[in-house]
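Reading the structure
Okay, here's what each chain looks like letter by letter:
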Amino acid sequence: MGVDHFQGITRIASSNDTDEALLLRFQRHGDRRAFDIVYERYRKPLLSFTVGLSGNQAVAEEVSQQAWLQLLEATERGTFTPGAGSSFRAYLYTMARNRYIDDYCRRPQPVRSESLAGGQALEDTLASEDGAFGGAAAEQGRLRLLAALAELPLEQREVIAMWSAGMSAEEVARATGAPRNTVLSRKRYALKKLKESLGTTARSLLDG
Amino acid sequence: MAEQHDDELDDWDDGEAFAGLLQSAADPSRLKAQDTVVASAADAAAARLRPAPRRSLASWPIALAAGLVVGAVLSPLSTPSLGPSDAIPDAGLMLPADATRSASGGVEVAVAEADPAVWYRYIQELIYRGDFALAEAHLHAFNQLHPDYRSDR
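Rules used in this analysis
Residues numbered from 1 in each chain as written. Chains lettered and ligands numbered in written order. Predicted model: local features only at pLDDT ≥ 70, side-chain atom pairs only at ≥ 80, totals over all residues. Heavy atoms only, no water. Helix = DSSP H or I, 4+ residues; strand = E, 2+ residues; numbered from the N terminus. Buried < 20%, exposed > 50% of the residue type's maximum accessible area, 1.4 Å probe, protein only. Contact = heavy atoms within 4.5 Å. Areas by Shrake-Rupley, 256 points an atom, 1.4 Å probe, with all protein chains shown as cover. Phe/Tyr/Trp six-rings, centres within 6.5 Å; stacked < 30°, edge-to-face > 60°. Lys NZ or Arg CZ within 6 Å of the ring centre and 35° of its normal. Axes fitted to C-alpha atoms, helices over the stretch in contact; angles between N-to-C directions. Parallel < 35°, antiparallel > 145°, perpendicular 65-115°, else oblique. Left-handed = near helix turned anticlockwise from the far one by under 90°. Salt bridge = Lys/Arg side-chain N within 4 Å of Asp/Glu carboxyl O. Core = buried A, V, L, I, M, F, W, Y, C linked by side-chain atoms within 4.5 Å. Buried area = accessible area lost by both parts, 1.4 Å probe.

Looking only at helices and strands, one finds 10 helices and 0 strands in chain A. For chain A, the α and β elements follow one another from N to C terminus as α-α-α-α-α-α-α-α-α-α. In chain A, buried positions account for 53% of the 208 residues. Intrachain contacts of chain A at a sequence separation of at least 6 include 61% that bridge at least 24 residues. With the model as given, the accessible surface of chain A reaches about 9,300 Å², and the carbon-plus-sulfur share is 48%.

Written out as structure tokens, the structure reads:
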């Protein structure tokens, strides 16, 4: 879009604008570019969050998509209101978290198919230069990590997902309705269990 | 030893490297389907959220403006031609039922019995539709039956 063509808009949405400003701009003027900037910012991070939350890629994709659609519905109703002291990121992730709980945790769970095998692949991935999951050879290691996450109780898994997504302890406490000390405790126990489930290299990352 | 690790993990920021690993556990290559769905929903939402464009002065009272202009042109042409002996040329001219819906309950009415305001609006509609021949006939009759009529608009 070279110039704004919506009524009431006096300038072009910028990638320097805050998430909240861009979403309000979309809500008030239907400025598509404003939404696109926000979507691009959170497209991958939200999926990473929902993967950590669910320990399941397919479920994570579904929850992520539903969260975006729910956000669009909120803007259409004019009810997107970034809360005082709460970031858009916390708003979006809390929406996804609630969606996941409503859709997947309040009804019988299908048997998970991820294999707990692949510990060595995870070790190999962690020992690689970038320490991230990239190639096909690392797929088993990725599944191993997802399986380890899936073994955690939901209360601990959601804290780990929010923590790894960069939310503050206070934001996690607000999102989950748990006291801050409880949040810290859940994180501590979750990491302890992950250390037990994963190999020595993962342990070194956890300790680092 | 385990207690020592627990103490170290009390800090919210501890384990940052592992958090980075968790962030890379997702496979974003499978987001294309989501991109399509969200883009489509965003298009629809944006279309509904955009304010309707304001009507320009040129497009708002088209019928009225056209009626006034054409009426102003046609009136001098038709009125002077009428002499005392001229018959009132309204024979057969009727206002259709849909034109009289507000004033006469939607029945066809002879122009001589029609409400002048309703008749005048009907003439404007004829002009707006481009039916100039019929509009001229009605205007001719209108000027004879209501020579002093002034539209309020």
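Residue and element names in this part refer to chain A. Enumeration over the complete set of coordinates arrives at 13 aromatic pairs over all chains. Look at Phe35 and Tyr39: their rings are 6.2 Å apart centre to centre, the planes differ by 15°, and that puts the pair in the stacked class. One end of the pair, Phe35, and the other, Tyr39, are both in helix 2 (residues 32-54), 4 residues apart, so they sit about a helical turn from each other. A centroid spacing of 5.0 Å and a plane angle of 85° characterise the contact between Phe80 and Tyr91, whose relative ring orientation is edge-to-face. Of this pair, Phe80 sits in the loop between helix 3 (57-77) and helix 4 (88-105) while Tyr91 sits in helix 4, placing them 11 residues apart in sequence. A connected cluster of aromatic rings, assembled from ring pairs, spans Tyr42, Phe49, Phe80, Phe88, Tyr91 and Tyr93. The lysine or arginine in question, Arg188, covers the ring of Tyr189, its NZ or CZ lying 5.5 Å from the ring centre.

So, about the packing of helix 7 (residues 154-164) of chain A against helix 8 (residues 169-176) of chain A. Residues and elements named next belong to chain A. Following both chains from N to C, one finds helix 7 and helix 8 inclined at 140°, their axes separated by 10 Å at the closest point. Taken together, helix 7 and helix 8 sit at an angle that is classed as oblique. In this structure, helix 7 crosses over helix 8, and the sense of that crossing is right-handed. Here helix 7 contributes Glu158, Val159 and Met162 to the contact with helix 8, which in turn contributes Val172, Ala175 and Thr176.

A word on the pattern of salt bridges. Applying the stated criterion across every chain, the model contains 10 salt bridges over all chains. Across the pair Asp43 of chain B and Arg32 of chain A runs a salt bridge whose closest N-O atoms are separated by 2.6 Å. Pair noted here: Asp43 of chain B is in helix 3 (residues 32-49) and Arg32 of chain A is in helix 2, and the two residues belong to different chains. Using a relative accessible area of 43% as the deciding quantity, one classes Asp43 of chain B as partly exposed. For the salt bridge of Arg180 of chain A with Glu170 of chain A, the shortest nitrogen-to-oxygen distance reads 2.6 Å. Separated by 10 residues along the polypeptide, Arg180 of chain A in helix 9 (residues 180-197) and Glu170 of chain A in helix 8 bring together distant segments of the chain.

This next bit is on the nonpolar core. In terms of nonpolar packing, the biggest core is built from 70 residues, with Phe35, Phe49, Trp68 and Leu71 of chain A touching the most fellow members. For Trp68 of chain A, the contacting residues outside a window of four places in its chain are Phe35, Val38, Tyr39, Tyr42, Arg43, Leu46 and Leu92 of chain A together with Gln34 and Val38 of chain B.

Attention shifts here to the interface of chain B and chain A. Each partner contributes to the interface: chain B provides 41 residues, whereas chain A provides 56 residues. Together chain B and chain A conceal approximately 4,400 Å² of surface at their shared face, both sides included; 62% is due to carbon and sulfur atoms. Inspection of the region where chain B meets chain A yields 4 salt bridges. The closest approach of N and O atoms between Arg48 of chain B and Glu76 of chain A, which form a salt bridge, is 2.5 Å. Broken down by secondary-structure element, the contributors of at least two residues to the side of chain B that touches chain A are helix 1 (2-8), helix 2 (16-23) and helix 3 of chain B. It is helix 3 of chain B that provides the largest number of residues to the side of chain B that touches chain A, a total of 13 residues.

Read these as layout, nothing more, since geometry by itself doesn't imply function.
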